[in-house]
Every structure is written in structure tokens, then in C-alpha cells.
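Structural overview for review
Chain by chain, the residues:
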Amino acid sequence: LTGQWKEMFIKLYPNANVLCIEPDNFKKERRNDVLEDIRDNDYDGIIIAYSSFELIPISKEYYCEELKKELNELSNNKGKISVSQKRRKTFLREMLEKIKIQMENENSLYFDELGINTMFVDEAHNFKNVPVETKITNVLGISSTGSLKCQDMMDKVRAVQKANDGRGIVFATGTPI
């Protein structure tokens, strides 16, 4: 489908500089070259399959900054700390340690370093399972755990919004959520 999207993009914007990334072009041995190309060139559009998009990591610095920010917000809470907030603080501390260990030896370009300022996500209903913090349990459609795929998308959305004053995201779907 990425090829079809490129054809439509070029039909609408004939002079556009478009990069179309097929999964075959995003294999491990070529991935860093493609990411360098994205970072170093000024594309009007980059069309990428979900399977490839999910392979672009976010930097440990970004994750650590976000986790520390949330941890500080919980620590600065003046009221009584609930059991779920204590669990969340413990979870955040554990995640900080895991991220530091996991990504210590990685040598890669990261999503938040690519300079992406706008993201259009088609079939957005595939990313509806974002974790929701709540005390309520057993409510159909509300999950406190979510899925890794949805959390990854949410992190990338936040990275783009953070770099663009809260803007730069368009979700499209023909499926009612």
C-alpha cells in the first residue's frame, strides 16, 4: 500500500520530494542508512509501512526525560498518595533503570532525532488501545495496560507534539472507534 500512497501523493503534489519506505528497504542492515537519509534530507513526505515505523526507536534520553517528568509530578503531589500512585512510582523507577540498561549499547538514530514535524496516521483505529490510568476495572474498552504498539505510537505522537507546540498529528480512520 505504501506505493499506492506515494502515487496519490505525487498526483496531488507533482513537485513534492517524497520518500517511500517499503519494508524490504528497511531491513536491519539498511535501516540506519534510511534513517540518516530522513534526518539529512528535506522531504515533503515520507510514506512508511506500520511494520517499519514500529522499528524506529525513541531515544533513551527522551524516555528518561518523560519518565522523570511523570515521577516528579507524582512526587510533588501534596495530598495523600494512593496505592495506585505508589505502584506507578515504583513502576516508573523500574522503567528508568531498564531503559538505561537496555539502550546503553545501542548505536542508532532515533525517532526524536529525525526532525519530523507532522505525522499523518492512516487506519488510526489500530492504535486505540492506549493505556488509561484509572481505578475503575472491568469496563469494556478501557485498559490500564494497553499494548506496546499503541504506547509506541503515543510516545511518537508526543515527541512530534513536543517539538511543534502541541501540533503536527493527524489521525485518519474509516472505522468507528
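On a predicted model such as this, the values are computed, not experimentally measured, just so you know.

Rules of the game
- Residues numbered from 1 in each chain as written.
- Predicted model: local features only at pLDDT ≥ 70, side-chain atom pairs only at ≥ 80, totals over all residues.
- Heavy atoms only, no water.
- Helix = DSSP H or I, 4+ residues; strand = E, 2+ residues; numbered from the N terminus.
- Contact = heavy atoms within 4.5 Å.
- Areas by Shrake-Rupley, 256 points an atom, 1.4 Å probe, with all protein chains shown as cover.
- Phe/Tyr/Trp six-rings, centres within 6.5 Å; stacked < 30°, edge-to-face > 60°.
- Buried < 20%, exposed > 50% of the residue type's maximum accessible area, 1.4 Å probe, protein only.
- Lys NZ or Arg CZ within 6 Å of the ring centre and 35° of its normal.
- Pairing = 2+ DSSP bridges.
- Right-handed = clockwise from strand over helix to strand, strands pointing away.
- Salt bridge = Lys/Arg side-chain N within 4 Å of Asp/Glu carboxyl O.
- Core = buried A, V, L, I, M, F, W, Y, C linked by side-chain atoms within 4.5 Å.
- Polar contact = N/O pair within 3.5 Å; in protein donor to acceptor, adjacent residues only side chain to side chain.
- Axes fitted to C-alpha atoms, helices over the stretch in contact; angles between N-to-C directions.
- Parallel < 35°, antiparallel > 145°, perpendicular 65-115°, else oblique.
- Nonpolar A, V, L, I, M, F, W, Y, C, P; charged D, E, K, R; others polar.

What follows concerns the overall build of the protein. Broken down by element type, the protein carries six helices and four strands. Of the regular secondary structure in the protein, the N- to C-terminal order runs α-β-α-β-α-α-α-β-α-β. Sequence separation of at least 24 residues holds for 67% of the intrachain contacts in the protein that already meet a minimum separation of 6. Summing over all exposed atoms, the protein offers an accessible surface of approximately 12300 Å²; the carbon and sulfur share of this is 51%.

It is worth spelling out the side chain of D152 at this point. You can see D152 is positioned in helix 6 (residues 148–163). Residue contacts for D152: discarding those within four places in its chain leaves E54 and Y63.

This brings us to the packing of aromatic side chains. This model, assessed by the stated rule, comprises four aromatic pairs. On the numbers, 6.3 Å between centres and 65 degrees between planes, the contact of Y62 with Y63 is edge-to-face. Y63 matches Y62 in its accessibility class, with the two residues each being buried. In this structure, K149 is placed above the aromatic ring of F127, and the distance from its NZ or CZ to the ring centre is 5.3 Å. Across from the ring centre of F111, 5.7 Å away, lies the NZ or CZ of K156, which sits over that ring.

Attention now goes to the pairing of strand 2 (residues 45–48). Across the two faces of strand 2 the burial differs, with G45 and I47 buried and I46 and I48 not buried at all. Taken together, the four bridges between strand 1 (residues 18–21) and strand 2 define a ladder with parallel strand orientation. Among the inter-strand pairings, I21 is bridged to a residue of strand 2, identified as I48. Crossover connection from strand 1 via helix 2 (residues 28–40) to parallel strand 2: handedness right-handed.

Turning our eyes to something else, we now look at the pattern of salt bridges. According to the stated counting rule, one finds five salt bridges in the structure shown. Between E65 and K162 there is a salt bridge, with its nearest N and O atoms 2.1 Å apart. One end of the pair, E65, is in helix 4 (residues 60–75); the other, K162, is in helix 6, with 97 residues separating them in the sequence. The class for E65 is partly exposed, based on a relative accessible area of 43%. Residue D152 pairs with K156 through a salt bridge whose shortest N-O separation is 3.0 Å.

Our next topic: the nonpolar core. L35, I38, I56, F111, M119 and M153 are the most contacted members of the largest nonpolar core, which totals 30 residues. For this core, the elements supplying multiple residues, two or more each, are strand 1, helix 2, helix 4, helix 5 (83–102), strand 3 (119–121) and helix 6. Per element, the largest residue contribution to this core is six residues, and it comes from helix 4. Filtering out sequence-adjacent residues up to four positions away, F111 remains in contact with F53, I56, P57, I58, I116, M119, K156, A159 and V160.

Moving on to the side chain of S59. The topology assignment puts S59 in the loop between helix 3 (50–53) and helix 4. Here D112 takes part through its side chain, which lies 2.6 Å from a polar atom of the side chain of S59.

On to the packing of helix 4 against helix 6, then. Packing of helix 4 against helix 6 leaves a shortest axis separation of 12 Å and a crossing angle of 90 degrees. What the angle tells us is that helix 4 and helix 6 run roughly perpendicular. Within the contact between the two elements, helix 4 uses Y62, Y63, E65 and E66 and helix 6 uses D152, D155, R158, A159 and K162. Of the residues in the contact of helix 4 with helix 6, the class split is three nonpolar, no polar and six charged.

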